[in-house]
Amino acid sequence: MISPPPMAITATGLRKSYGDQVVLDGIDLRVAEGTIFALLGPNGAGKTTAVQILSTLIRAEAGQLEVAGHDLTREPDAVRAAIGVTGQFAAVDNFLTGEENLRLMANLHHLDRAEGKRQAAGLLEQFDLVDAARKPAATYSGGMRRRLDLAMGLVGQPRIIFLDEPTTGLDPRSRRTMWQIIRELVAGGVTIFLTTQYLEEADQLADRIALLDHGKLVAEGTADELKRMVPGGHVSLRFGDPWALDTAARVLDTLSRDDDELLLSVRNDGRVKSLRDLLDRLDANAVEVDELSIHTPDLDDVFLALTGTESER
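Throughout what follows, the structure given in this document is the object of discussion. (Residues numbered from 1 in each chain as written. Predicted model: local features only at pLDDT ≥ 70, side-chain atom pairs only at ≥ 80, totals over all residues. Heavy atoms only, no water.)

Things to note about the packing of aromatic side chains
The tally for this structure, following the rule as stated, stands at 2 aromatic pairs. Between Phe162 and Phe193, the ring centres sit 5.5 Å apart and the planes meet at 50°, which makes this aromatic pair tilted. With Phe162 in strand β7 (residues 160-164) and Phe193 in strand β8 (residues 191-195), this pair connects stretches of sequence that are 31 residues apart. Among the aromatic residues, those joined into a ring-pair cluster are Phe37, Phe162 and Phe193. When the ring centre of Tyr198 is taken as origin, the NZ or CZ atom of Arg175, which lies over that ring, is 3.9 Å away. (Phe/Tyr/Trp six-rings, centres within 6.5 Å; stacked < 30°, edge-to-face > 60°. Helix = DSSP H or I, 4+ residues; strand = E, 2+ residues; numbered from the N terminus. Lys NZ or Arg CZ within 6 Å of the ring centre and 35° of its normal.)

Here's the deal with the sheet that holds β8
Across the sheet, 6 strands lie side by side as β6-β7-β8-β3-β9-β10; this open sheet has mixed pairing. Every interior strand has two partners, whereas the edge strands, β6 (83-86) and β10 (216-221), have only one. Strand-to-strand twist of the sheet, defined as the mean angle between neighbouring strand axes without regard to direction, takes the value 15°. In this structure, strand β9 (residues 208-213) lies alongside β10, joined through 5 bridges in antiparallel fashion. The partner of Ala210 across the bridge, within β10, is Glu220. (Pairing = 2+ DSSP bridges. Axes fitted to C-alpha atoms, helices over the stretch in contact; angles between N-to-C directions.)

Re the environment of Arg59
Looking at where Arg59 falls in the secondary structure, it is placed in the loop between α1 (47-54) and β4 (62-67). When the C-alpha positions of Arg59 and Thr49 are compared, they lie 9.7 Å apart, and in sequence the two are 10 residues distant. Arg59 has contacts with Lys16 and Ile53, leaving out every residue within four places of it along the chain. (Contact = heavy atoms within 4.5 Å.)

Points about the side chain of Asn268
Structurally, Asn268 is set in the loop between β13 (263-267) and α10 (272-284). Dropping the residues within four chain positions of it, Asn268 is found in contact with Gly233, His234, Val235, Ser274, Leu275 and Leu278.

Some thoughts on the nonpolar core
Among the nonpolar cores identified, the biggest contains 47 residues, and Leu102, Ile192 and Ile209 are the most heavily contacted of them. Take this core: its biggest share by element is 6 residues, from helix α6 (residues 172-187). With near-sequence residues (within four places) excluded, Leu102 lies in contact with Ala120, Leu123, Leu124, Leu148, Ala151, Met152 and Val155. In terms of nonpolar packing, the next biggest core, distinct from the first, is built from 28 residues, Ile9, Leu14, Ala45 and Val67 among them. (Core = buried A, V, L, I, M, F, W, Y, C linked by side-chain atoms within 4.5 Å. Buried < 20%, exposed > 50% of the residue type's maximum accessible area, 1.4 Å probe, protein only.)

Describing α10
The terminal C-alpha atoms of α10 lie 18 Å apart, and with 13 residues this matches the ideal 18 Å at 1.5 Å per residue to within 8%. For α10, the complete set of buried residues consists of Ser274, Leu275, Leu278 and Leu282. Buried residues of α10, seen end-on, are gathered within an arc of 100° and therefore sit on one face of the element. Those residues of α10 that are exposed and angled more than 90 degrees off the buried face are Val272, Lys273, Asp283 and Ala284. Tucked into the core, α10 has its buried residues touching β11 (234-238), α9 (242-251), β13 and β14 (291-295). Downstream of α10 by a residue or two, Ala286 has a phi angle that is positive, lying close to 60°. (Expected span 1.5 Å × (residues − 1). Arc of directions from axis to C-beta.)

Some remarks on unusual backbone geometry
Phi angles above zero are rare outside glycine, and Asp128 is one such case at about 55°. With respect to the secondary-structure elements, Asp128 resides in the loop between α4 (113-126) and α5 (142-154). Despite not being glycine, His214 shows a phi value in the positive range, around 50°. Examined against the element boundaries, His214 turns out to sit in the loop between β9 and β10.

Examining a nonpolar patch on the surface
Taken together, the side chains of Leu279, Leu292 and Ile294 make up a nonpolar region of the molecular surface, amounting to roughly 220 Å² of accessible area. For Leu292, the location among the structural elements is in strand β14. (Patch = residues over 30% accessible without salt bridge, like charges linked within 9 Å, V, L, I, M, F, W, Y side chains within 5 Å. Areas by Shrake-Rupley, 256 points an atom, 1.4 Å probe, with all protein chains shown as cover. Salt bridge = Lys/Arg side-chain N within 4 Å of Asp/Glu carboxyl O.)

A word on the side chain of Asp213
Secondary-structure assignment places Asp213 in strand β9. Among buried charged residues, Asp213 stands out as having no salt bridge; its nearest opposite-charge side chain is Lys47, 9.0 Å away. Engagement of the side chain of Asp213 in a polar contact is seen with the side chain of His214, the distance being 3.2 Å. Leave out the neighbours within four places in its chain, and Asp213 touches Pro42, Ala45, Val218, Leu306 and Thr307. (Lys, Arg positive; Asp, Glu negative; His and termini not counted. Polar contact = N/O pair within 3.5 Å; in protein donor to acceptor, adjacent residues only side chain to side chain.)

Focus: the sheet that holds β14
As summarised here, the arrangement of the 4 strands in space is β12-β13-β11-β14, forming an open sheet in which the pairing is antiparallel. Because the sheet does not close on itself, it has two edges, and the strands there are β12 (254-258) and β14. Neighbouring strand axes in the sheet, compared pairwise and without regard to direction, differ in orientation by 15° on average. Bridge count between β11 and β13: 5 bridges; the pairing is antiparallel.

From the geometry alone we can't say anything about function, so treat these as descriptive.
Pasting the structure below:
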């Protein structure tokens, strides 16, 4: 029997409000160690508030919360020692060089001089900032500043990293560079808690995704599981002759057909069992398929269907 993976973060009944406005309405979260967990939602859904609570920046009103094996209320210092946080806006000091920013973080973590220097040098190399190490951060590009900001969050070698909108404002190339860095961190055993409005980012990176709307979790699962929650999945079939097309159209749940191209579109959620059933029905009627392609809803469809809000692309 395979034991379940240990949890890096657990939250049960997490609640937070400001006056009469409920921001988090009793949500439950479980994040496995060494994975990427993405929390999605429209602006104002409560994503940043969840990160601020789990990273000890603000207090929850209610809920049982555990981060890195420590109770958030009773052991906040132990939680802080185990985590790193990178917010929506880079916490970089523009007047300091990249190296000085990292050394400052090492001092804040109470690392000795030699260890602080060693970690700063290693992070500058890891994040491709060696050539800019002694230049003021004010001269850095947006992508370089975000890389430096993430590097600063890694001083002290945290086991869990909270990334709140880490690629906001970056160009596509810089965003993909950040994605690769995040994947490498997880490959090294780090747990990532990611909030983002870029659904492609969650689709590319996350092992599990939760969708937050008006303070409530409205869905959770892998990207594929979420995509299967909304209608629109179908399979396109191309046949070699009109008889095969006609027969398939008669025995399958047809959405549309193109007699000129001998194409048929049929409802299907793309799961292996569903595809096997479809092909078995065709085999039972002696129908051969020349080509088959699967089309499933993407996370934009999920976002719109479950929140009624257009996602940011």
